[in-house]
Amino acid sequence: MEVGFLGLGIMGKAMSMNLLKNGFKVTVWNRTLSKCNELVEFGASIGETPAQVVKKCRLTIAMLSDPAAALSVVFDKDGVLEQIGSGKGYIDMSTVDPETSSKISQAITSTGGAFLEAPVSGSKQPAETGQLVILAAGDKGLYEESIPAFDVLGKKSFFLGQVGNGAKMKLVVNMIMGSMMNAFSEGLVLSERSGLNPHDLLDVLDLGAIANPMFRGKGPAMLKSNHSPAFPLKHQQKDMRLALALGDENAVSMPVAAAANEVLLSASTRIDPMYRTVMEISFCELSFPSGLASHRRMLFWSRLTWIDIDAHSCQFRKANSFKKARSMGLGDLDFSAVYEILKMTKD
Ligand SMILES: NC(=O)C1=CN([C@@H]2O[C@H](COP(=O)(O)OP(=O)(O)OC[C@H]3O[C@@H](n4cnc5c(N)ncnc54)[C@H](OP(=O)(O)O)[C@@H]3O)[C@@H](O)[C@H]2O)C=CC1
Ligand SMILES: O=CCCC(=O)O
């Protein structure tokens, strides 16, 4: 079976690799085209544009960051719409809102093409091992045709009916998950500050009624301040924002989710630009290694107080290397980094 794959981020790379390893012919495209090279080593072909991929493949899967990316890949020049039509199927597995999904669906089906939304539950590791949970909705015929691919990508597929239901289910799940991560992080900070050993807390939680794979998997790494990204913070905030909008549309008050969103939002909008500034400071520090002159220069560049510099230099030290730190913001770290933010705001 030949499939196209658009978007080779954390998830798309793992999923397309999985398809290749299981005997599928895969043609890949990514906005940053160089990311296709690793897949080519495993037998993938490259399409230079989304339109080229769709032209070549009867079935094309997309795994893109957010609604803007999902729309751009379909509607922009050289996009999916230029080549989709009767006899071809498009499956968007990105996490987006129901409106985005419906807009894409209408455009695809108006050409005679078939559309399925199929967001997934599960992160980097389940994507690598084919253990995702697939939340499909839309064209039932396309769903059935896609089952061989879904069987490789996931451990269970749900068909949830009309377009929008897959997106809604995914947003509800991630709204719960984002609130859980915030509560978990607060619990870890509270245990530390009140004189308990947070490792004991992990053991206690794991033996009780709220034990779950997320606390078990992420807890020990969080206590080591290891937040290498599986599910980026910026995507969790996007999902929380979209879930809150869904709550608003349905007159559901969600104060817990709204509070969790505030923490996620402050991470990506308030702290992230400061974090980037620290990267600039560090460049200065390299150019002017010591003395008052360099300090003044740093202050001039950053427009922050010394206290800010100290606080954010701590964040800089958490990045594994200077090169990595330069190219990352906090939003690119795993969503478990919300723990660091809660620690900082409670300092
Ligand atoms: N990571 C996870 O645990 C999970 C993620 N998801 C969802 O899956 C989707 C992908 O997540 P993930 O792989 O982690 O994200 P990444 O940030 O790792 O990858 C995002 C992908 O989208 C592409 N992209 C971003 N903006 C555009 C644009 N304007 N036009 C074209 N391509 C664009 C990126 O291209 P480029 O390389 O050029 O930047 C990259 O291929 C998201 O919707 C996320 O919410 C769902 C379940 C789990
Ligand atoms: O959307 C991301 C979900 C991450 C997970 O299920 O662990």
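Note that the coordinates shown come from a computational prediction; the quantities given were computed from them, not determined experimentally.

## Quick word on the overall build of the protein chain
- From N to C terminus, the protein chain includes 16 helices and nine strands.
- Taken over 347 residues, the protein chain has a buried fraction of 49%.
- Restricting to contacts in the protein chain with at least 6 residues of sequence separation, those with at least 24 account for 68%.
- Here the protein chain displays about 16400 Å² of accessible surface, and carbon together with sulfur accounts for 55% of that area.

## Here's the deal with the site of ligand 2
- Taken together, G122, S123, K170, N174, M177 and F231 form the complete shell of residues around ligand 2.
- Between ligand 2 and G122, the relevant distance is 3.0 Å, taken from an oxygen atom to a main-chain nitrogen or oxygen of the residue.
- In the model, an oxygen atom of ligand 2 is placed 2.7 Å from a nitrogen or oxygen of the K170 side chain.
- Protein burial of ligand 2: of its 250 Å² of free accessible surface, 82% is covered by the chains.
- Across the shell around ligand 2, the residue classes break down as two nonpolar, three polar and one charged.

## What about the domain arrangement of the protein chain?
- Domain boundaries assigned for the protein chain yield domain 1 (2–162) and domain 2 (171–345).
- Contacts between domain 1 and domain 2 engage twelve residues on the former and twelve residues on the latter.
- With both sides pooled, the region where domain 1 packs onto domain 2 buries about 830 Å², and carbon together with sulfur makes up 64% of that total.
- Per-residue buried area on domain 1 facing domain 2 is highest for I10, S65 and T95; these three make up 42% of the total on that side.

## A word on the site of ligand 1
- If you check the shell around ligand 1, you find 27 residues, and the closest are N30, T32, K35, S123 and K238.
- In this structure, G9 approaches ligand 1 through a main-chain N or O atom, which is 3.3 Å from an oxygen atom.
- Taken by itself ligand 1 offers 900 Å² of open surface, and the protein chains cover 89% of this.
- Those elements that place two or more of their residues in the shell around ligand 1 are α1 (10–21), α4 (67–75) and α11 (233–249).
- Residues of the shell around ligand 1, tallied by class, amount to twelve nonpolar, ten polar and five charged.

## Overview of the confidence of the model for the protein chain
- This prediction gives the protein chain a mean pLDDT of 86; 81% of its residues lie at or above 70.
- Predicted as a complex, the structure gets a pTM of 0.88 and an ipTM equal to 0.99.

## Quick word on a nonpolar patch on the surface
- Together, L33, V40 and I46 give the surface a local cluster of nonpolar side chains, amounting to about 190 Å² of exposed area.
- The residue V40 is located in helix α2 (residues 37–41) in this model.

Reading the values: rules and limits
Residues numbered from 1 in each chain as written. Chains lettered and ligands numbered in written order. Predicted model: local features only at pLDDT ≥ 70, side-chain atom pairs only at ≥ 80, totals over all residues. Heavy atoms only, no water. Helix = DSSP H or I, 4+ residues; strand = E, 2+ residues; numbered from the N terminus. Buried < 20%, exposed > 50% of the residue type's maximum accessible area, 1.4 Å probe, protein only. Contact = heavy atoms within 4.5 Å. Areas by Shrake-Rupley, 256 points an atom, 1.4 Å probe, with all protein chains shown as cover. Near = heavy atom within 4 Å. Polar contact = N/O pair within 3.5 Å; in protein donor to acceptor, adjacent residues only side chain to side chain. Nonpolar A, V, L, I, M, F, W, Y, C, P; charged D, E, K, R; others polar. Domains from an automatic or database assignment. Buried area = accessible area lost by both parts, 1.4 Å probe. pLDDT = per-residue confidence, 0-100. Patch = residues over 30% accessible without salt bridge, like charges linked within 9 Å, V, L, I, M, F, W, Y side chains within 5 Å. Salt bridge = Lys/Arg side-chain N within 4 Å of Asp/Glu carboxyl O.

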